[in-house]
Amino acid sequence: MLALSLTAAAEDATPAPQTPSIFSFSGFGTIGVVQTNTDAGVYTTGTQYYGATKSADFGPDTKMGAQVDAKFNDMFSATVQVFSKQNAVGSYAPDIEWAFVKAKLGDGFDIRLGRIGAPFFMTSDFRNVGYTNTTVRTPVDVYAAVPVRYFDGGDVLYQHSFGDTILNAQLWGGSSSTLVGQDTTIWLHNIIGVNVSLDTGPVVFRIGRMQTRLNADGSGLAAFDGLLSSLSAIGAAPGLGSLGDLSSALSLDDKFATFTGIGATLDVGHWVGSAEITKRQTESWYVSDTRGWYATLGYRVSTFTPYVSLSGRNTDSPTSATAPAVPSYLPPQIQGAVPVLIGAVNGLLGDESEKTVAIGTRWDAGKNYDVKAEIQRISVPAGSSGAFSQIAGGRFASDTDVTVFSLCLDFVF
Amino acid sequence: MKHLVKVLIFCAAMVGAQSSFAQVAVVVGAKSDATAMTVDQVSALFLGKSEKLPGGGTAVLLDQPSGSAIRTTFYDKVTGKNESQVKSAWSRLVFSGKGTPPKEASGSADIKKQVAANPNTIGYIEKSAVDSSVKVLLSVD
């Protein structure tokens, strides 16, 4: 009773609404540890340098972000987000992940300009916020296909409700770059993309498509560029034209690329689920054509959500090259160089096919954090590297099954 | 056995008490132009899926204090979600720069004060707290 009257007094004492600050601050993060049952390859969640083997590693999943939102008035707002996650050279140096201004134009239209999350996937916008996912991480078989997290440019957002269905559409354009190795950057120029989703409440459908022109730069490409020019030079010799064609096929210079995704999420009663299929196509053999898919289904029991997830990916572009027959009248230097060059090409043409079965659970242990545990069985066919890096010889020589254990804590504030 | 029956009666009484307490009214200021809403429309607003008030402008959302019984009841009955699911839904919007979650008010008196001050502000209070300063857009039993 005393407590009640105190609360009432406190409520009465609340001063008249003061002008709220235009700024709001929020943040998120994941502390995650991963271990596998093999030392034959290193498990990462994309292009990261350090990952898990039989030795547990915090590298694949640990990440942290902080965000400031400013609302200037009913029309204009701005968002800046700083994000840190291990990158392709093993550094956690934070990136400016978002930095945009947004204007509400009315009639359901918004426009944003600046640095914006690149919406390749269904959950692109918040894929790094572990707390928003049922699973430990978005399935690597699909989400590793595009390491690009943001773009510089603008987008137009449109929202319209009819009945209880909400239509969301997004038209986006600009350019982007991402570090894929030591001093090696891949550029995406002239991006234009569109995403449409239909939200019926329990089920959301989404389709997205984008196209871009690829380029690459950085001193890390010296060996790659050297290989291409050697192929072109030797390809000029009679009978060896296929080497010249190989050089053009591998080149990243101004190559056209597209990315398409179709997906759906389910959230009804105790059930949560999501599924997505994606296709990456490029004119360069070096950035392979891939298809990825996943389906995840979870069932909420109190604060626990056990789940099962199946996923896989295939490489559709050539994963190896064969040496042309060298005419016997050509000099021995050329006779010797051709197999060496083809060997180097085969070192670059990767097959990343694999299939994954994962079971795990999310536990909503507190008001703004969760704990997740997961066991994955990844099956990599012979000749593929799957999600693994630093394999002796670049790919697994025989069909290989790897078990991956993950444990993480996600939080938001 | 007698004991069990007593326990059951007690539980039933508690459930009854809970539901009579749990009548929630979704309210705007008495002078607001906003019109009656369905459960799905209120759910979409408070999960950040839409932001327009029917007949009004862009909604300004108010929440009851975190962990309060009325907040739990409101989200359970209107959205079918618990607090951590709602937190997760808003995190998706916040960390993609697409929305800001409802501001937390100190209680029903505070919500009545704030909705009276801005015609686009919307909140939810106990049905018993409804008075002439507010317009009820939806009642949830």
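Residues numbered from 1 in each chain as written. Chains lettered and ligands numbered in written order. Predicted model: local features only at pLDDT ≥ 70, side-chain atom pairs only at ≥ 80, totals over all residues. Heavy atoms only, no water.

Colleague: Just checking my understanding: could you explain the overall build of chain B for this structure?
Modeller: The helix and strand tally for chain B stands at five helices and five strands. Walking chain B from its N terminus toward its C terminus, one meets helices and strands in the order α-β-α-β-α-α-β-α-β-β. Residue burial in chain B is summarised as follows: out of 141 residues, 44% are buried. If you take every contact in chain B between residues at least 6 apart in sequence, the share linking residues at least 24 apart comes to 70%. For chain B, the computed accessible surface area is about 6,700 Å², with 60% contributed by carbon and sulfur atoms. (Helix = DSSP H or I, 4+ residues; strand = E, 2+ residues; numbered from the N terminus. Buried < 20%, exposed > 50% of the residue type's maximum accessible area, 1.4 Å probe, protein only. Contact = heavy atoms within 4.5 Å. Areas by Shrake-Rupley, 256 points an atom, 1.4 Å probe, with all protein chains shown as cover.)

Colleague: So what exactly am I meant to see when it comes to the overall build of chain A here?
Modeller: Per the secondary structure count, chain A includes five helices and 18 strands. Viewed in the frame of its principal axes, chain A has a C-alpha envelope of about 100 × 45 × 40 Å. A total of 413 residues make up chain A; the buried ones form 46% of that total. Within chain A, contacts between residues at least 6 apart in sequence are counted, and of these 61% link residues at least 24 apart.

Colleague: Please explain the interface of chain A and chain B as it appears in this structure.
Modeller: Each partner contributes residues to the interface: chain A has 32 residues there, and chain B has 25 residues. Where chain A abuts chain B, roughly 2,600 Å² becomes buried across the two surfaces, and 50% of that area is made up of carbon and sulfur atoms. Linking chain A with chain B are four salt bridges. Our count for the contact surface shared by chain A and chain B stands at eleven residue pairs in polar contact (both at pLDDT 80 or more). Broken down by secondary-structure element, the contributors of at least two residues to the side of chain A that touches chain B are strand S1 (23-36), strand S4 (76-85), strand S5 (95-106) and strand S7 (150-162) of chain A. (Buried area = accessible area lost by both parts, 1.4 Å probe. Salt bridge = Lys/Arg side-chain N within 4 Å of Asp/Glu carboxyl O. Polar contact = N/O pair within 3.5 Å; in protein donor to acceptor, adjacent residues only side chain to side chain.)

Colleague: Looking at this structure, I do not really get the packing of aromatic side chains. What am I missing?
Modeller: Given two aromatic rings, one states the distance between the centres and the angle between the planes to describe the pair. In this structure the tally under the stated criterion is 24 aromatic pairs over all chains. Ring plane angle 90° and centroid distance 4.8 Å describe the contact between A:Tyr49 and A:Tyr50, whose orientation is recorded as edge-to-face. According to the relative accessible area criterion, A:Tyr50 is partly exposed, its value standing at 46%. Measuring from ring centre to ring centre gives 5.8 Å for B:Phe46 and B:Tyr124, while their planes differ by 75°; the resulting arrangement is edge-to-face. Of this pair, B:Phe46 sits in helix H2 (residues 39-46) while B:Tyr124 sits in strand S4 (residues 121-126), and the two are 78 residues apart along the sequence. Accessibility assignment for this pair places B:Phe46 and B:Tyr124 in one class, buried. (Phe/Tyr/Trp six-rings, centres within 6.5 Å; stacked < 30°, edge-to-face > 60°.)

Colleague: In this structure, what is going on with the packing of H2(B) against helix H3 (residues 69-78) of chain B? I would like to understand it.
Modeller: When two helices pack together, you describe them by how their axes are tilted relative to each other and by the distance separating the axes. Residue and element names in this part refer to chain B. Look at H2 against H3: their axes get within 9 Å of each other, and the N-to-C directions meet at 120°. Judged by the angle between their axes, H2 and H3 are oblique. Contacts between H2 and H3 involve Val39, Val42, Ser43 and Phe46 from the former and Phe74, Tyr75, Lys77 and Val78 from the latter. Taken together, the residues of the contact of H2 with H3 sort by class into six nonpolar, one polar and one charged. (Axes fitted to C-alpha atoms, helices over the stretch in contact; angles between N-to-C directions. Parallel < 35°, antiparallel > 145°, perpendicular 65-115°, else oblique. Nonpolar A, V, L, I, M, F, W, Y, C, P; charged D, E, K, R; others polar.)

Colleague: Would you mind going over the side chain of A:Arg112 with me for this structure?
Modeller: As for its placement among the helices and strands, A:Arg112 is situated in strand S6 (residues 109-117). With relative accessibility at 1%, the residue A:Arg112 sits in the buried group. Only 2.7 Å separates the side chain of A:Arg112 from the side chain of A:Asp155, close enough to count as a polar contact. From its side chain, A:Arg112 meets the backbone oxygen of B:Ser96 in a polar contact 3.4 Å long. Each residue touching A:Arg112, except ones within four places of it in the same chain, is listed here: A:Phe100, A:Val101, A:Lys102, A:Gly153, A:Gly154, A:Asp155, A:Leu157, A:Gln170, B:Ser96, B:Gly97 and B:Lys98.

Colleague: Teacher, can you tell me more about the confidence of the model for chain A here?
Modeller: It should be kept in mind that the predicted coordinates are not to be read in detail where pLDDT is low. Residues and elements named next belong to chain A. Summarising the model, chain A shows a mean pLDDT of 92, and 95% of its residues fall at 70 or more. The least confident element of chain A, judged by mean pLDDT, is helix H1 (residues 2-13) at 43; the most confident is strand S15 (residues 354-363) at 98. Taken together, the stretch residues 1-17 has pLDDT below 50 and engages in six contacts with residues farther than four places along the chain or on a different chain. (pLDDT = per-residue confidence, 0-100.)

Colleague: Could you clarify how one ought to interpret the environment of A:Gly244 in this entry?
Modeller: Residue and element names in this part refer to chain A. Here Gly244 lies in helix H4 (residues 241-250). On the basis of relative accessibility, which here comes to 16%, the residue Gly244 falls in the buried class. Sequence-wise, Gly244 and Val42 are 202 residues apart; in three dimensions their C-alpha atoms are separated by 34 Å. Those residues in contact with Gly244, other than ones at most four positions away along the chain, are Leu231, Ser232 and Gly235.

Colleague: Explanation requested: the pairing of S5(A) in the structure shown.
Modeller: Each regular strand displays side chains that alternate between the two surfaces of the sheet. All names here are of chain A. Alignment of S4 against S5, held across eight bridges, turns out to be antiparallel. Bridge pairing links Val82 to Ile96 in S5. In this sheet, S6 lies alongside S5 in antiparallel orientation, the contact comprising seven bridges. Bridge pairing in S6 links Lys102 to Arg112. Between S5 and the antiparallel strand that follows it, S6, lie two residues; Asp107 among them carries a positive phi value of about 55°. (Pairing = 2+ DSSP bridges.)

Colleague: How should I be thinking about the pattern of salt bridges in this particular structure?
Modeller: Side chains bearing opposite charge may pair, as long as their charged atoms lie close to each other. On inspection of all chains with the given rule, the structure shows 24 salt bridges over all chains. Two residues, A:Arg137 and A:Glu374, come together in a salt bridge whose shortest N-O distance is 3.8 Å. With a gap of 237 residues between them, A:Arg137 in the loop between S6 and helix H2 (140-143) and A:Glu374 in strand S16 (residues 369-380) connect regions that are remote in the sequence. Salt-bridge contacts for A:Asp267 lead to A:Arg300; the nearest nitrogen and oxygen are separated by 3.7 Å. Of this pair, A:Asp267 sits in strand S11 (residues 255-268) while A:Arg300 sits in the loop between strand S13 (290-299) and strand S14 (304-315), and the two are 33 residues apart along the sequence. Since its relative accessible area comes to 28%, A:Asp267 is described here as partly exposed. The class of A:Arg300 is buried, set by a relative accessible area of 11%. Beyond isolated ion pairs, a larger network of salt bridges with shared partners links B:Asp63, B:Arg71, B:Glu83 and B:Glu104.

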